[in-house]
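What follows is each chain in one-letter form.
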Amino acid sequence: MKLLKGLKIKQVRAGTGDVAEPGKVALIHYDCYLPRGEKCESSRDRGFPVQLIVGQRLTYPALACAIPGMAVGEVRMVKVSPNLTYRERKQNPDLPPNVALTYEIELISISDQWDNSIYRASDEAS
């Protein structure tokens, strides 16, 4: 997948497991930070990881570009310019318009199949 303009990716920790390839199902944890370092969103804080199909466009194009090629256990920092976040549309009322975001993404696992039990377990915990 082509790297989008306004996206910077830096490896924080190397992984040692399977590599995220298009079409595979990735399980990730992420934390999202505002420019001054305040955490504004987190899969860890919600208590369950995010599952996605590698290579598919998502609500967050930055994640779609950052995950291919990651190895299980790898952590990447992804800096995202406002043109790739929520812009002025204010889709997330907790975020200011035209904000740059930084994601810390950890690849937990890669598989061939979607796992619906992840979401059932999170519903039971609520």
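Before any of the text, the structure's been laid out above.
Residues numbered from 1 in each chain as written. Predicted model: local features only at pLDDT ≥ 70, side-chain atom pairs only at ≥ 80, totals over all residues. Heavy atoms only, no water.

We now examine the packing of aromatic side chains. A full pass over the atoms with the stated rule returns one aromatic pair. Pairing Tyr 30 with Tyr 103 gives two aromatic rings, centres 5.9 Å apart and planes at 55 degrees, and the pair type is tilted. Highlighted residues: Tyr 30 in strand E2 (residues 25–33) and Tyr 103 in strand E6 (residues 101–111), separated in sequence by 73 residues. Using a relative accessible area of 3% as the deciding quantity, one classes Tyr 30 as buried. (Phe/Tyr/Trp six-rings, centres within 6.5 Å; stacked < 30°, edge-to-face > 60°. Helix = DSSP H or I, 4+ residues; strand = E, 2+ residues; numbered from the N terminus. Buried < 20%, exposed > 50% of the residue type's maximum accessible area, 1.4 Å probe, protein only.)

This paragraph deals with the side chain of Arg 76. Position of Arg 76 among the secondary structure elements: in strand E5 (residues 75–80). Not counting chain neighbours up to four residues away, the residues in contact with Arg 76 comprise Ile 9, Lys 10, Gln 11, Val 12, Ala 66, Pro 68, Gly 69, Met 70, Tyr 103, Glu 104 and Ile 105. (Contact = heavy atoms within 4.5 Å.)

The next subject is the pattern of salt bridges. When the charged atoms of two side chains lie near each other, side chains of opposite charge can form a pair. Applying the stated criterion across every chain yields a total of eight salt bridges. Where Lys 24 meets Asp 112, a salt bridge forms, and the shortest distance between an N and an O atom there is 2.4 Å. Taken together, the residues span a long stretch of sequence, with Lys 24 in the loop between strand E1 (7–13) and E2 and Asp 112 in the loop between E6 and helix H3 (117–125) at a distance of 88 residues. A residue is classified by how much of its surface remains accessible, and Lys 24, at 26% relative accessible area, is partly exposed. (Salt bridge = Lys/Arg side-chain N within 4 Å of Asp/Glu carboxyl O.)

Time to look at the nonpolar core. One broad trend across soluble globular proteins is that nonpolar side chains are buried collectively. Of all hydrophobic cores here, the largest spans 27 residues; its most connected members are Ala 26, Ile 28, Ile 67, Val 78, Tyr 103, Ile 105 and Leu 107. Within the residue set of this core, elements represented by two or more residues are E2, strand E4 (50–53), helix H2 (61–66), E5 and E6. The greatest single-element share of this core, amounting to five residues, is contributed by E6. Setting aside chain neighbours within four positions, we find Ile 105 in contact with Ile 28, His 29, Tyr 30, Leu 63, Ala 66, Ile 67, Met 70, Glu 74, Val 75, Arg 76 and Val 78. (Core = buried A, V, L, I, M, F, W, Y, C linked by side-chain atoms within 4.5 Å.)

This model, assessed by the stated rule, comprises one cavity of 30 Å³ or more. By volume, the largest cavity is sized at about 30 Å³. Lining the largest cavity are His 29, Tyr 30, Asp 31, Arg 44, Val 75, Glu 104, Ile 105 and Glu 106. Breaking the lining of the largest cavity down by element, the ones donating at least two residues are E2 and E6. Tallied by class, residues from the lining of the largest cavity come to three nonpolar, one polar and four charged. (1 Å grid on protein atoms, 1.4 Å probe; cavity = no way out; pocket = protein on both sides within 12 Å on 5 of 7 lines; lining within 4 Å. Points joined across faces, edges and corners; volume = space filled by probe spheres on them. Nonpolar A, V, L, I, M, F, W, Y, C, P; charged D, E, K, R; others polar.)

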